[in-house]
Amino acid sequence: MNPSYYLLLAALLFTIGAMGVLLRRNAILVFMSVELMLNSVNLTLVTFSRLNGTLDGQVMAFFVMVVAAAEVVVGLAIIMSIFRTRRSASIDDANLLKY
Amino acid sequence: MSPDLMTSPDLVLALGGTGEAVTFWVFAPLATLAALGMVLARNAVHAALFLAAVMLCFAGLYAAQDAPFLAAVQVIVYTGAILMLFLFVLMLVGVDSSDSLVETLRGQRVAALLVGLGFAGVLMSAIGSAVGGDEGVGLSAVNEEGNVIGIARLLFTKYVFAFEVTSALLITAALGAMVLAHKERPQSRLTQPEMSRRRFLSADPLPLPGPGVFADHDSTATPALLPDGSEAPSSVAAALQDAPGDGGTVRQA
């Protein structure tokens, strides 16, 4: 099994996640797309770990998972507090810092 | 998988390779379809469930690449914890908070589609030419002791400082979430004795009439109303219908 297939799959999923960030307006869906991008990068790290024959890539992917967990907690709390003040989870509504 | 591999003495390795290929070709299309479903789903809960499917496919792909520890962590952390958190917040924010169709930037969707297609083309062609048919070193040598032991060895020697810093990050995240999501109640909640005292001090201490009873009378001699507004004489007990009634509340239909 050629490992580059995994890299191609990760690239495809990363692109799908990026499209989700660009196309969706609901903040939670944008956030889920960011999670998808993080995961596809993790797949790349695991594949490179295998290509190089060391476990450093897997440790790196593990750290990415830890940081992603922390990021999800804080991000969802921010979405919640924005929703509480503005009654909306749309990212187009949160534009008070625009000018 | 070429057929001469199957007849070679290294049959175990070859069969391992076919198993990995089957795993990949089962999970990769599933992951792609579920990711597309997540981006295109109209309902946010459906998107979260599609994302759960993607995460499970990722766990399968990790397991196929000699990373059983990461596969388990993926299932536990992502599908178990993070996605449930997403679903909780979806329920709090409201499931029907769908996307607005107003385009703030004109032509953004078309531009995003074009940029995405171009990005995917560039990335995939670059990967294809950079890695090529390189099979890589493989992890069978470093995983000899066991994958978990190998990762632990690295984590607690070479990366021990990063591992310690992680604890500070997690505590900061937990505190930040508590500070951000906390809401002060404007006044303390009324207790039951306070509520009953308040009711007896009010002008009308009686309980409100039960549902289905017409508002200004709660006597059983008051007939119910039919859908067209007329009174239903059969709703009053026969003994009360011909009785003189208290204050003429029983009216003949």
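Predicted model only: the values in this text are computed from it and were never measured.

1. A word on the overall build of chain B
Broken down by element type, chain B carries nine helices and two strands. The order of helices and strands in chain B, counted from the N terminus, is α-α-α-α-α-α-α-α-β-β-α. Counting the 253 residues in chain B, one finds 19% classified as buried.

2. Some remarks on the interface of chain B and chain A
Each side of the interface is counted separately: chain B has 75 residues, and chain A has 62 residues. Of all the secondary structure elements, the ones that give two or more residues to the side of chain B that touches chain A are α2 (11-40), α3 (44-64), α4 (68-93), α5 (108-131), α6 (147-155) and α7 (160-181) of chain B. Grouping the amino acids of the side of chain B that touches chain A by side-chain chemistry returns 53 nonpolar, 16 polar and six charged.

3. Side note on the confidence of the model for chain B
Low-confidence regions, as indicated by low pLDDT, have predicted coordinates that should not be scrutinised in detail. Residue and element names in this part refer to chain B. When the pLDDT values of chain B are averaged, the result is 81; 81% of them are 70 or greater. Low pLDDT, under 50, characterises residues 1-9; the predicted model gives this stretch six contacts beyond four residues in sequence or across chains. Between residues 245-253, whose pLDDT stays under 50, and residues either more than four places distant or in other chains, the model counts 14 contacts.

4. Here we look at the packing of α3(B) against α4(B)
Residues and elements named next belong to chain B. Closest axis-to-axis distance for the α3/α4 pair is 8 Å, and the angle between their directions is 175 degrees. Relative to α4, α3 is oriented roughly antiparallel. Contacts between α3 and α4 pair Ala44, Val45, Ala48, Leu51, Ala52, Met55, Leu56, Phe58, Ala59, Tyr62 and Ala63 from the former with Pro68, Leu70, Ala71, Gln74, Val75, Tyr78, Thr79, Leu83, Phe86, Leu87 and Leu90 from the latter. Partitioned by chemical class, the residues of the contact of α3 with α4 number 20 nonpolar, two polar and no charged.

5. A few points about the domain arrangement of chain B
When cut into domains, chain B gives domain 1 (1-96) and domain 2 (143-181). When the residues that make up the side of domain 1 of chain B that touches domain 2 of chain B are grouped by side-chain class, the tally is three nonpolar, no polar and one charged.

6. Observations regarding the packing of helix α3 (residues 56-86) of chain A against α7(B)
Running from amino to carboxyl end, α3(A) crosses α7(B) at an angle of 10 degrees, the nearest separation of the two axes being 8 Å. By the criterion of interaxial angle, the relationship of α3(A) to α7(B) is roughly parallel. Handedness of the crossing formed by α3(A) with α7(B): left-handed. Only Ala162(B), Thr166(B), Leu169(B), Leu170(B), Ala173(B), Ala174(B), Gly176(B), Ala177(B), Leu180(B) and Ala181(B) of α7(B) make contact with α3(A), whose side of the interface consists of Phe63(A), Val66(A), Val67(A), Ala70(A), Val73(A), Val74(A), Ala77(A), Ile78(A), Met80(A) and Ser81(A).

7. Quick word on the nonpolar core
The biggest cluster of nonpolar side chains holds 75 residues, and the ones touching the most others in it are Ile28(A), Met32(A), Met38(B), Leu51(B) and Val54(B). Those elements giving two or more residues to this core turn out to be α1 (4-23), α2 (27-52) and α3 of chain A together with α2, α3, α4 and α7 of chain B. At 14 residues, α3(B) tops the list of elements feeding residues into this core. Both of domain 1 (1-96) and domain 2 (143-181) of chain B provide at least three residues apiece to this core. Among all residues touching Met38(B), those that are not within four sequence positions of it are Gly20(A), Met32(A), Leu36(A), Ala47(B), Phe50(B), Leu51(B) and Val54(B).

8. Structural notes on unusual backbone geometry
In this model, Asp66(B) sits at a positive phi of 60 degrees, which is unusual for a non-glycine residue. You can see Asp66(B) is positioned in the loop between α3 and α4.

9. Observations concerning α2(A)
Residue and element names in this part refer to chain A. With 26 residues, α2 ought to run about 38 Å at 1.5 Å a step, and its terminal C-alpha atoms sit 38 Å apart, in line with that. The buried fraction of α2 amounts to 21 of the 26 residues, a majority that puts the element mostly inside the structure. Gly53 lies just past α2 and shows a positive phi near 70 degrees.

10. Quick word on the environment of Thr191(B)
All names here are of chain B. Considering the arrangement of structural elements, one finds Thr191 in the loop between α7 and α8 (192-201). On the basis of neighbour counts, which here come to 9 C-beta atoms within 10 Å, the residue Thr191 falls in the exposed class. Considering only alpha carbons, one finds Thr191 and Val77, 114 residues apart in sequence, at a separation of 40 Å.

11. Topic: the environment of Thr15(A)
Along the chain, Thr15(A) turns up in helix α1. Sequence-wise, Thr15(A) and Ile91(A) are 76 residues apart; in three dimensions their C-alpha atoms are separated by 20 Å. Non-local contacts of Thr15(A), meaning those with residues more than four positions away in its chain, are made with Gly116(B), Phe119(B), Ala120(B) and Leu123(B).

Cut-offs applied
- Residues numbered from 1 in each chain as written.
- Chains lettered and ligands numbered in written order.
- Predicted model: local features only at pLDDT ≥ 70, side-chain atom pairs only at ≥ 80, totals over all residues.
- Helix = DSSP H or I, 4+ residues; strand = E, 2+ residues; numbered from the N terminus.
- Buried ≥ 20, exposed ≤ 12 C-beta atoms within 10 Å, placed from the backbone.
- Contact = placed C-beta atoms within 7 Å.
- Nonpolar A, V, L, I, M, F, W, Y, C, P; charged D, E, K, R; others polar.
- pLDDT = per-residue confidence, 0-100.
- Axes fitted to C-alpha atoms, helices over the stretch in contact; angles between N-to-C directions.
- Parallel < 35°, antiparallel > 145°, perpendicular 65-115°, else oblique.
- Domains from an automatic or database assignment.
- Left-handed = near helix turned anticlockwise from the far one by under 90°.
- Core = buried A, V, L, I, M, F, W, Y, C linked by C-beta atoms within 7 Å.
- Expected span 1.5 Å × (residues − 1).

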